[in-house]
Amino acid sequence: MYRRFRRKRNSLQDRPEERTTSKQDEDREQHNDREEEFDALNRQYVEQLREIPIHHDLNDNRRYLEYLFSDCSDCIIRPFRIEGSREAFALFVDGLIDTAEVNRTLKAMMIDEGGVGNAERLASESVPASQLDDVDNYGDLLLAVLGGDTGVFIEGNGRALLLGLRGMSTRSISEPETEAVVRGPREGFIENLRTNTSLLRRKLKTPNLKMKAMVVGNQTNTSIAIAYLEGIVDPATVDEVVGRISNIQIDGVLESGYIEELIQDSTYSPFPQVQYSERPDTVAASLLEGRVAIFVDGTPFVLIVPTTFWQLLQANEDYYERFQMATLIRWLRYVFLFIALLMPSLYIAISTFHQSMLPTTLLLSVAAARETIPFPAVVEAFIMEIAFEALREAGVRLPKTVGQAVSILGALVVGQASVQAGIVSAPMVIIVSITGIASFTIPRYNAAITLRMLRFPLMILASIFGMYGILIGVMFILGHMANLRSFGIPYLSPTGPLSSNDLRDVLIRAPWTEMSKRPSFLDIQDTRRAGKQMIEDVDSTSGQKGIGIPHPSVEGESDA
Amino acid sequence: MSSSKKKTLGNSSRLLLILILSTLPFSFGCWDRTEINDIAIVVSTAFDLDPDGKYRVTCQMALPGQMGGSNGGGGGTSGQKSYYVDSETGNTIREANARQQARLSRQLFFAHRRVLIIGEELAKQGIREIFDVVARVPENRLTSNIVIAKGKGYDLLNAQPQFERFSAEAMREILQSDNMIEINMKDVAQELSQVGTDPLIPLMMPVQTTKGKQKSTETQFIGYAQFHDDRYVGPIQDEAAQGIYWIRQRFKPYTTSFENKQFGKIAINVYKGKSEVIPHLGSDHITFDVRINANCYITEAEQGIDFGMSENIQKVEGVFDQKIKQSVQAAIAEIKNHKSDSGQLGLVIARNYPRQWQDKYEKHWYAELQKAEFKISVNTEVARVGLISENIAKKEVTE
């Protein structure tokens with residue numbers, strides 16, 4: 001292939017004006033032939049260029065690169081001469097490199113007096129770059145250069161040097177917007193993969209933290225890092241993750257959502273089977289429980305697998321504040337989970353089928369409010385729910401400058417005018433608002449989405465079958481959840497199948513001294529997380545009493 | 001599971017499935033769907049007996065439109081009643097209901113009936129039939145309160161109490177207050193089905209308030225209705241009603257007042273009490289030993305006696321003993337007079353001596369009750385005399 005390519009390049013070289021002359025001047029047939037061949041080459045994915053080796057002839061390499069990067073104004077080829085030695089050129093993408101560093105390195109090479117000029121010697125003696133590599137094929141070279149490395153070609157060398165002098169501008173590390181906390185670290189992942197892995201490494205300073213690198217996406221060549229803690233994680237899970245990711249064949253991966261969809265267990269389920277997080281502490285905590293994290297270059301959202309349902313209802317802050325409060329908040333979430341899912345359908349069912357279930361005075365107020373409403377309860381509920389969903393969607397897409405105006409308008413239209421005009425009853429507005437608030441209490445946005453979606457079929461069921469329909473719907477949802485798996489782990493673990501020891505992190509948030517074991521349902525290797533001696537000490541005195549510290553106020557007691 | 005099934009289906013059969021599923025709601029849905037504004041919420045019903053022997057059924061229904069819900073241009077509640085009372089007669093209660101329904105645009109809905117009123121005339125004839133009508137459909141609640149009306153039942157429904165929107169609501173609030181025996185339909189049905197106890201149902205009547213600027217008709221609790229089996233035989237009121245609490249061993253706090261030579265006019269509140277009725281089976285009559293422990297406090301004492309002195313307290317306690325004893329005796333007189341076991345005395349015997357009750361007393365219980373004798377012992381304790389032990393306006397006289 002390369003041979004054939006070289007022949008074409010040579011013929012190109014023979015008539016250098018060919019590329020600049022217009023098509024009309026060309027022999028049409030010959031031109032078409034060559035174009036076709038080039039097109040075929042162009043359409044190939046970078047990875048396939050691995051078959052093409054780097055040639056010893058510098059000009060050959062240069063011409064090929066010039067062809068590959070034709071019309072790429074950001075790709076720069078900078079020829080230079082190593083002093084007293086050979087010709088060379090550097091290849092880099094402007095904007096991805098640290099220009100000052102590249103300048104310095106080139107300078108160091110240029111004054112490399114009278115050296116032999118082979119790549120190995122240069123690398124070891126005169127290139128002041130900390131990250132250095134050499135490649136012998138175009139596939140690896142292009143992947144590196146397009147990722148920000150600088151490639152250096154030297155006359156007579158079949159290998160090119162890769163200088164890791166990346167300096168692309170990135171967003172600075174800031175507080176994650178989707179997972180804000182009151183107490184906890186304020187740093188969040190950004191788009192750059194290396195920055196993200198470094199953030200995690202700063203949390204887990206251990207060589208046990210492994211990061212397997214992979215590349216996915218034929219055109220995007222997105223870098224992926226699979227992070228896990230060796231010694232804790234079940235190796236089968238890691239193998240499964242690596243296997244599923246290496247099976248991916250797609251042209252582009254622009255966000256971790258692509259990966260999530262391509263590796264999840266049940267494509268058609270409304271439930272998220274992969275958790276994502278913007279927070280290094282959340283990811284670190286997951287790894288410590290024996291999960292696997294998947295970093296995807298270009299997005300701050302890191303995937304965490306396996307994921308269970310209860311995990312989606314837990315926030316990192318649960319572990320930072322007092323455990324009693326965390327327990328209460330967890331229960332608040334569980335209650336509001338049901339409200340978010342069932343409130344509108346319960347209202348429909350009760351107000352159209354089971355009026356006898358309401359307390360009399362409540363029924364009378366509802367009846368009074370509904371007196372002038374022209375729609376059946378289910379239509380009313382649908383109008384309001386859809387209006388609310390539209391408002392929410394608009395709120396996300398709106399430019400910030402008009403956001404306030406629209407929210408005021410929305411509040412007025414939905415909250416006031418529709419009630420005063422007698423289109424929608426006030427209880428319905430209350431129901432929709434509570435439902436809306438309830439869905440925001442779920443810490444994971446993708447879990448809240450599920451509830452928002454499932455609400456509507458339940459509303460239809462409620463309008464047809466009443467309470468019976470809701471029960472059937474909920475049973476169906478539960479059955480589906482019991483059926484789901486995430487990387488082999490049942491979705492409802494640890495409640496179904498029950499592993500009662502792990503419930504102390506689901507029903508309540510037990511204090512750390514009571515959670516000395518990692519959750520066992522994940523089939524991990526190392527189960528103990530806290531030292532036995534410390535746990536026993538704390539348990540015996542239900543806290544650290546500091547008995548050794550005397551205080552005047554209890555002196556008498558201690559004497560006695 | 002569903003996804004794998006879908007995959008095996010062909011495109012056309014999947015379309016068919018979707019079509020069938022989408023027609024489902026239209027084919028069998030909503031047959032018992034009723035919107036809230038399609039029902040007439042009955043909050044109370046009165047059953048009466050007309051002179052011609054027909055039942056008169058009166059329903060009090062809420063008018064949600066008049067209750068000031070949020071609406072566009074809906075009138076306020078000023079002047080307009082928030083309820084509607086409709087009355088109809090029929091040979092049966094259901095017939096009357098059906099006739100009412102024929103002129104109502106909304107479906108009668110009885111699940112929220114909170115008070116069932118039975119007129120005096122109908123109660124005299126017997127209330128057992130009512131329980132057939134009420135318990136036959138699940139919509140009716142057996143936990144609703146039951147009231148005997150002095151006079152006509154529908155008069156109570158037409159009363160317009162000031163605090164509540166409906167008289168039914170007012171009656172229910174009164175009936176649920178702490179100082180009367182609360183009885184719902186289930187309790188009455190239970191007592192009717194047992195020998196040795198007769199129901200005691202609150203008796204109410206509409207009264208015009210007097211001397212106020214704005215006249216209003218309130219529903220007033222005036223005592224309990226006594227029954228002989230299921231027939232209303234007469235009221236039990238005031239002192240006798242207080243006495244019946246002790247005999248029934250179901251204490252309810254009450255206030256009573258009396259005049260005494262030594263202490264003048266005194267009002268007390270009996271706030272805590274416990275009574276015990278112990279039967280002794282004699283060869284020809286039963287003796288009931290009624291032992292009462294009462295705690296009370298003085299709420300009014302005109303004479304200005306210093307209750308800070310313990311001998312005064314002791315003396316006044318003796319007077320209270322007598323007072324309570326009197327009330328129990330009054331209750332016993334009512335029981336014997338009306339041949340009504342509203343004190344649940346038969347139950348006391350049935351529980352203590354089940355064999356003898358079955359063999360000897362059950363068949364002629366009312367006759368036995370007439371012969372029964374009562375020994376009453378009362379022990380009153382004045383626990384509180386109020387914030388002051390004597391009138392603060394009493395003139396200080398230096399001795």
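Numbering of residues starts from 1 in every chain and runs along the sequence as written. Numbering of ligands from 1 and lettering of chains from A proceed in the order in which they are written. A pLDDT threshold of at least 70 governs which residues receive local features in this predicted model, and a stricter bar of 80 or more applies before side-chain atom pairs are shown or counted, although totals over entire chains, interfaces and linings include all residues. Working from all heavy atoms in the structure, the side-chain values ignore hydrogens and water.

Regarding the overall build of chain B
The secondary structure content of chain B amounts to 13 helices and 13 strands. With the C-alpha coordinates aligned to their principal axes, the bounding extent of chain B is approximately 110 × 60 × 60 Å. Note on exposure labels: buried denotes an accessible area under 20% of the residue type's maximum, exposed denotes more than 50%, and partly exposed covers the range between, all computed with a 1.4 Å probe on protein chains only. Looking at chain B residue by residue over its 399 residues, the buried ones come to 46%. Whether two residues are in contact is decided by their heavy atoms: any pair within 4.5 Å suffices. Of the contacts made within chain B by residues no fewer than 6 positions apart, 70% connect residues no fewer than 24 positions apart. Accessible surface, chain B as shown: approximately 20500 Å² in total, 49% of it carbon and sulfur. A residue counts as positive if it is Lys or Arg and as negative if it is Asp or Glu; His and the chain ends are not included. For the purpose of locating charges, the reference atoms are NZ of Lys, CZ of Arg, CG of Asp and CD of Glu. Of the charged side chains in chain B, 49 are positive and 48 negative; the average position of the first set lies 6 Å away from that of the second. Helix and strand assignments come from DSSP, with helices taken as H or I runs of at least 4 residues and strands as E runs of at least 2, each series counted from the N terminus. Using the Shrake-Rupley algorithm and a 1.4 Å probe, accessible areas are obtained, with residue cover drawn only from the displayed protein chains.

Side note on unusual backbone geometry
At the junction of A:Val305 and A:Pro306, the peptide bond is cis and its omega measures out at -10° in the coordinates. You can see A:Pro306 is positioned in the loop between β10 (302–305) and α11 (323–352). Between A:Ser493 and A:Pro494 the backbone carries a cis peptide bond, its omega angle lying at 0°. The phi dihedral of B:Gln249 falls on the positive side, at around 60°, and the residue is not glycine. By the element assignment, B:Gln249 lies in the loop between α9 (238–248) and β10 (254–260).

A closer look at the UniProt feature "domain: Spore germination GerAC-like C-terminal" (unreviewed entry) in chain B
Taken from the UniProt record, the annotation "domain: Spore germination GerAC-like C-terminal" (unreviewed entry) applies to residues 223–386 of chain B. Annotated as 38% helix and 40% strand, the span residues 223–386 of chain B places its first and last C-alpha atoms 28 Å apart. UniProt positions are given in the numbering used here, feature names are shortened, and annotations may be inferred rather than shown by experiment.

Comments concerning helix α9 (residues 256–263) of chain A
Residues and elements named next belong to chain A. Along α9, the residues that are buried comprise Ser 256, Ile 259, Glu 260 and Ile 263. Along the axis of α9, the buried residues cluster in a sector spanning 100°; they form a single face. Buried-residue contacts for α9 involve β6 (209–216), β7 (222–229), α8 (235–246), β8 (275–277), β9 (292–296) and β10. Whenever a nitrogen or oxygen atom comes within 3.5 Å of another N or O atom, the pair is scored as a polar contact, on the condition that within protein one atom can donate a hydrogen and the other can accept it, and that pairs from neighbouring residues in sequence are kept only if both atoms are in side chains. N-capping of α9 is provided by Glu 255, with a side-chain oxygen placed 2.6 Å from the backbone N of Gly 257. The arc under discussion is defined with respect to the helix axis, by the directions toward the C-beta atoms.

Some details on the interface of chain A and chain B
Contacts between the two partners involve 30 residues from chain A and, on the opposite side, 32 residues from chain B. Buried area, as used here, totals the accessible surface that two parts lose on assembly, with accessibility defined by a 1.4 Å probe and the loss added over both. Summing the contributions of chain A and of chain B, the shared interface buries around 2600 Å²; its carbon and sulfur component is 62%. When the buried area of chain A at its contact with chain B is split by residue, A:Thr360, A:Leu364 and A:Glu371 rank highest and sum to 22% of it. The working definition used for a salt bridge is a side-chain nitrogen of Lys or Arg within 4 Å of a carboxyl oxygen of Asp or Glu. Between chain A and chain B we count 2 salt bridges in total. A salt bridge links B:Glu35 to A:Arg370; its shortest N-O distance comes to 3.3 Å. Joining chain A to chain B, the criterion identifies 11 residue pairs in polar contact (both at pLDDT 80 or more). At 9 residues, the largest contribution of residues to the side of chain A that touches chain B is made by helix α12 (residues 360–370) of chain A. Residue type decides the class: Asp, Glu, Lys and Arg count as charged, Ala, Val, Leu, Ile, Met, Phe, Trp, Tyr, Cys and Pro as nonpolar, and the leftover types, Gly among them, as polar. When its residues are assigned to classes, the side of chain A that touches chain B shows 18 nonpolar, 10 polar and 2 charged.

A look at the packing of aromatic side chains
Two numbers describe a pair of aromatic rings. These are the distance of the centres and the angle of the planes. In this scheme Phe, Tyr and Trp rings, the latter by its six-membered ring, pair at centre separations within 6.5 Å, and the angle between planes marks the pair as stacked below 30 degrees, edge-to-face above 60, and tilted otherwise. All told, the structure shown has 23 aromatic pairs over all chains when counted by the stated rule. Here A:Tyr64 and A:Tyr138 contribute two aromatic rings whose centre-to-centre distance is 4.7 Å and whose plane-to-plane angle is 90°, an arrangement assigned as edge-to-face. Of this pair, A:Tyr64 sits in helix α3 (residues 58–68) while A:Tyr138 is found in helix α6 (residues 138–146), placing the two residues 74 residues apart along the sequence. Here the aromatic rings of B:Tyr83 and B:Phe166 are separated by 6.4 Å at their centres, their planes lie at 75°, and the arrangement is edge-to-face.

What to know about the packing of α3(A) against α6(A)
Relative placement of two packed helices is described by the angle separating their axes and the distance separating the axes. All names here are of chain A. Where α3 meets α6, the axes come as close as 13 Å, and the angle between the chain directions of the two elements is 55°. The orientation of α3 relative to α6 falls into the category oblique. Note that α3 runs across α6; the crossing there is right-handed. On the side of α3, the interface is formed by Asn 61, Tyr 64, Leu 65 and Leu 68, while α6 contributes Tyr 138, Leu 141 and Leu 142. Angular values range over 0 to 180 degrees, each being the angle between N-to-C directions of two axes fitted as lines to C-alpha atoms, with helices fitted over their stretch in contact. An angle counts as roughly parallel when it lies under 35 degrees, as roughly antiparallel when it exceeds 145, as roughly perpendicular when it falls between 65 and 115, and as oblique in every other case. By convention, the crossing between two helices is left-handed when the near helix turns anticlockwise from the far helix through less than a right angle, and right-handed when the turn is clockwise.

Looking at the sheet that holds β7(A)
In a beta sheet, neighbouring strands pair by backbone hydrogen bonds and run either parallel or antiparallel. Residues and elements named next belong to chain A. Reading across from one edge, β6-β7-β9-β10-β8 is the order of the 5 strands in this open sheet, with antiparallel pairing throughout. In this open sheet, the two edge strands, each paired with only one partner strand, are β6 and β8. With strand direction ignored, the average angle separating the axes of adjacent strands in the sheet is 25°. In short, DSSP must find at least two bridges between two strands for them to pair. In terms of strand pairing, β9 meets β10 through 3 bridges, oriented antiparallel. From the neighbouring strand, Val 292 faces β10, where its bridge partner is Val 305.

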